[in-house]
Amino acid sequence: MNTFAERTPRSMTFQQTIAKFILERRDVKLKGLDSDAAVQVAAKYEYAVWLADAANRVAQIQAVTHVLKATHPDARGSSLYAAPHSLGQFAEIGTHQLGEHFADDVVGNAAALDVYKFLKLEVDSRRLLDWLIADDADLLAALNDDPAVANEWALALRGLIRPAGVPVSHALAKQIYWSVSGEPADDAGYHLLQPLFSSSLAQAVHEEINDARFSDSSKLARQARREGKPHDQPYRDYRNLAVRKLGGTKPQNISQLNSERGGVNYLLASLPPTWNQDSPRQFLFIESALARFRRFEGVEEQVNALLALLKSDPDQTLDTRIRRERIERALGQSLAAFGLATRQLFEPGWSRDAACRLPLCEQLWLDPERAELPPRPDYPDEDEAFRLAFEWKDWPDQVAHRFGNWLNAILLQHGFPVGDAEHTHWARQAIADAEWPTPIEYRALAGGKVRERRPHG
């Protein structure tokens, strides 16, 4: 049997770490007590006495990753411990993305949470709980000179992470089970629509946001930005955050991590964008609106899909042709949607701004109602020329031609040897018409000339 004198230096480190924790808690409890009460309290904080008590009280708490009471404080079902790396992998953001690095939470009797704090003490960059799970001999020797007692305490303390028996839900858990098998009596034939609150994920989000908001490096970066000075580190900004407070004045009744967060659980903003319909600044000082088109919804994904298809050098099959044509049609339809969105976004006449450098065909495409405005006294000839150009109807062909050039330029940047034939093909996909109730598809030939137009539908 090991004795205190026979402990290794590492075991002594464990013993000193544990003793320091117990003494600090004892000193807090002794403040303001008279001598008789102090003697009684001090006796409870003897090294072996406190450890024995901790091993007994640990059954009152449970390590979890998903907390039931975060949904409702009066729920009486099961919280769960599900290590993120043991979960299925999904495209959606969730607990599974935390991998091996995540924070355990603890639920149960708040009066026993000091045991959890004890098990979180670190030696050699690992928690005591981790060393206990690893059955570390030096830690066992530090717990008690009697191996049997040390093993008994270790077994009890390791029970912090334990299954809660058969999981039990509760009406206040607000979990909705939807029958997917069509058999109400089939317990396995239901899909859970409301999962449990992931405290481990909430903690990771909380730490990330707090670091971005309050860390010294972020403060210095923000200050440099305000002062217009260079800085070697970026900073993150989470705007329009909302806070969901859990537990009210007693956040510890929800869980330990919730208590450490002060009940604060951040909610990211899910507001729609605020469009400034009075200022078309994004279309001023640029030579072509197609510079903005690539950032339009879905366009980047469509371009990347086309590049990926061409780079894969697929066989010349019907399936390949169908896939390519589907992407090309989507780009043409996106061009039409881009034109419509722009026309709806700004007041007619915005292209009269002196800072508008778009070619005339794009001005006619994106600001067609300008042709119906009365001419300006100072620019009557310019406004009349705009009206006549709109009525002449050459501008949709010119937009289609520019669209073909735009897509060819992207392909050239990625090493594809494209030329007039490809330009003609791309231009045929362009849909750009501000007048017809249904878009017109322009069938362009080499050189940008157009011979065929046909309405969709």
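The preceding data block contains the structure.
Residues numbered from 1 in each chain as written. Predicted model: local features only at pLDDT ≥ 70, side-chain atom pairs only at ≥ 80, totals over all residues. Heavy atoms only, no water.

Peer 1: Hey, could you run me through the side chain of Thr71 in this one?
Peer 2: The residue Thr71 is located in the loop between β2 (66-67) and β3 (105-108) in this model. Taking relative accessible area as the criterion, Thr71 reaches 17% and is therefore assigned buried. The residues touching Thr71, leaving out its near neighbours within four places in the chain, are Leu172, Ala173, Lys174, Phe197 and Arg244. (Helix = DSSP H or I, 4+ residues; strand = E, 2+ residues; numbered from the N terminus. Buried < 20%, exposed > 50% of the residue type's maximum accessible area, 1.4 Å probe, protein only. Contact = heavy atoms within 4.5 Å.)

Peer 1: Where do I start with the layout of surface pockets in this structure?
Peer 2: Where empty space is left can be seen by rolling a probe of water-molecule size over the atoms. The volume enclosed by the largest pocket comes to roughly 1,000 Å³. Counting residues per element, the ones that place at least two in the lining of the largest pocket are β8 (197-198), α8 (199-214) and β10 (264-267). Of the residues belonging to the lining of the largest pocket, the class tally is 20 nonpolar, 11 polar and three charged. (1 Å grid on protein atoms, 1.4 Å probe; cavity = no way out; pocket = protein on both sides within 12 Å on 5 of 7 lines; lining within 4 Å. Points joined across faces, edges and corners; volume = space filled by probe spheres on them. Nonpolar A, V, L, I, M, F, W, Y, C, P; charged D, E, K, R; others polar.)

Peer 1: Can you help me understand the packing of aromatic side chains in this one?
Peer 2: The geometry of an aromatic ring pair comes down to the distance between the two centres and the angle between the two planes. Inspection of the entire model under this criterion finds 16 aromatic pairs. Plain terms: the ring middles of Phe283 and Trp350 are 5.8 Å apart, the flat faces sit at 45 degrees to each other, and that makes the pair tilted. Here the residue Phe283 occupies a position in the loop between β10 and α11 (290-293), and Trp350 occupies one in the loop between α13 (318-345) and α14 (360-366), the gap between them amounting to 67 residues. As far as burial versus exposure is concerned, Phe283 and Trp350 are alike and both buried. Among the aromatic residues, ring-to-ring pairing joins Phe283, Phe293, Phe296, Phe338, Phe346, Trp350, Trp365, Phe403 and Trp406 into one connected group. Positioned above the aromatic ring of Trp131, the side-chain terminus of Arg126 is 4.5 Å from the ring centre. (Phe/Tyr/Trp six-rings, centres within 6.5 Å; stacked < 30°, edge-to-face > 60°. Lys NZ or Arg CZ within 6 Å of the ring centre and 35° of its normal.)

Peer 1: Explain the environment of Phe283 to me, please; I cannot follow it from the model alone.
Peer 2: Phe283 gets classed as buried once you look at its relative accessible area, which sits at 3%. Each C-alpha atom of the pair Phe283 and Tyr177 lies 50 Å from the other, and the pair is 106 residues apart in sequence. Residue contacts for Phe283: discarding those within four places in its chain leaves Ala289, Arg292, Phe338, Thr342, Phe346, Trp350, Leu358 and Leu366.

Peer 1: Hey, could you run me through the nonpolar core in this one?
Peer 2: Across soluble globular proteins, nonpolar side chains show a tendency to be buried alongside one another. Formed by 41 residues in total, the largest nonpolar core has its most connected members in Phe283, Phe293, Leu366 and Trp406. Among the elements that make up this core, the one with the highest residue count is helix α16 (residues 395-413) (eight residues). When sequence neighbours within four positions are dropped, the list of residues in contact with Phe293 reads Val299, Leu331, Ser334, Leu335, Phe338, Phe403 and Trp406. Counting 37 residues, the second largest nonpolar core, distinct from the first, contains Ile22, Val123, Leu132 and Leu157. (Core = buried A, V, L, I, M, F, W, Y, C linked by side-chain atoms within 4.5 Å.)

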